[in-house]
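Coordinates in review
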Amino acid sequence: MSKVLITGVSGFAGSFLAEKLITEGKFQVYGIYINEAGLVNLASVKDKINLIKLDLSDEKATFEAIQNVRPDYIFHLAGMAVSGESFNSPRETIIGNIVPQINIFEAVRKLNLLQIRILVTSSAEVYGKVDKKDLPIDEDTPFRPTNPYAVSKLTQDFLGLQYFLSYGLEVIRVRAFNHIGPRQIEKFVVGSFAKKIAEIEKGKREPILPVGNLETKRDFTDVRDMVNAYVLAIEKGVSGEAYNIGSGKSYSISDILDRLLSLSTSKIEIKQDKSLFRPSDDPELLCDNSKFSNIAGWKPDIPIDKTLKDTLDYWRNII
């Protein structure tokens, strides 16, 4: 059986990816995690994963883990993912996302494991403030990152390209647009809305929902569709290439909120909170996924309303 190493295995996307790979039964799955709390996301498959507790910023420990596992595939999903928070912690965000990837690449290079296929998860946020004439966004759209998180993901993206060009590492870069669904923490807009609605329904919060900028538009994909794309990307992607992955549809945040509110019988007041606004916000991110779809045959299957209902039900079950 092929060996797969997932970094950030207990996280939002990592846990769904682990479930998918274990269900397929074709892979021996190893997973790197950093704290025990996230393991709740792996409850259904935890006993079938070879778990490694490790801080990827530790160069020696990362080297030893890759030396011991010698995987056929690495899905590098670990990192700091909350773009809004990166304004307050730019240094931590940059270091936290770049150093672990360098440690992984250097371990693969020094061990001469050049046959390993490595998926690097960049982000649509690298495109940043896109002109309307450039929508939908393809892989040649200019980069105009508007927050430190986006800069860190652009660096990860280009490190992947550099190690491919310089050393021949089999790196596939994916620029994932917003993915949502159950298990997404409340630091993201959909998770935040869903958690607060669930708290209001349970009488644990007054029926007022604070909101930030509702006018921005994002391309949302269900996390379960996204991890399917990751597997196809690592199997069928061309090394050194970058691929945009998203649904090809954008929704305003106000539309997403309205859809979530329609799933609740509680009467909820919406109240704008200026503290929730970012210093800079990208007006619209809309994916042109044709390059990836052409090589992988991928398209999202889960409708947005099912994703939102599943997300709300997830929070209802844990509040």
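Here we summarise the structure given alongside this text. Not measured: the values here are computed from a predicted model.

1. Examining the overall build of the protein chain
When its secondary structure is counted, the protein chain shows nine helices and 13 strands. Over its C-alpha trace the protein chain gives a radius of gyration of 19 Å, about what one expects of a compact globule, namely 20 Å for 319 residues. The dimensions of the protein chain, computed from C-alpha atoms along their principal axes, are 60 × 45 × 40 Å. Relative to its 319 residues, the protein chain shows a buried fraction of 53%. A separation threshold of at least 6 residues defines the contact pool for the protein chain, and within that pool the share at least 24 residues apart is 80%. Only carbon and sulfur atoms are counted for the fraction: they give 50% of the accessible area of the protein chain, which is about 14000 Å². Once the 41 positive and 42 negative side-chain charges of the protein chain are each reduced to a mean point, those two points are 2 Å apart.

2. Observations concerning the pairing of strand E4 (residues 73–76)
Residue alternation in E4 divides its side chains into two sets, Tyr73 and Phe75 and Ile74 and His76, and both sets are buried. Sheet analysis places E4 next to strand E5 (residues 117–123), joined by four bridges and oriented parallel. Looking at the pairing, Phe75 lines up with Leu119 of E5.

Definitions and cut-offs
- Residues numbered from 1 in each chain as written.
- Predicted model: local features only at pLDDT ≥ 70, side-chain atom pairs only at ≥ 80, totals over all residues.
- Heavy atoms only, no water.
- Helix = DSSP H or I, 4+ residues; strand = E, 2+ residues; numbered from the N terminus.
- Rg over C-alpha atoms; globule rule 2.2 N^0.38 Å.
- Buried < 20%, exposed > 50% of the residue type's maximum accessible area, 1.4 Å probe, protein only.
- Contact = heavy atoms within 4.5 Å.
- Areas by Shrake-Rupley, 256 points an atom, 1.4 Å probe, with all protein chains shown as cover.
- Lys, Arg positive; Asp, Glu negative; His and termini not counted.
- Charge placed at Lys NZ, Arg CZ, Asp CG, Glu CD.
- Pairing = 2+ DSSP bridges.

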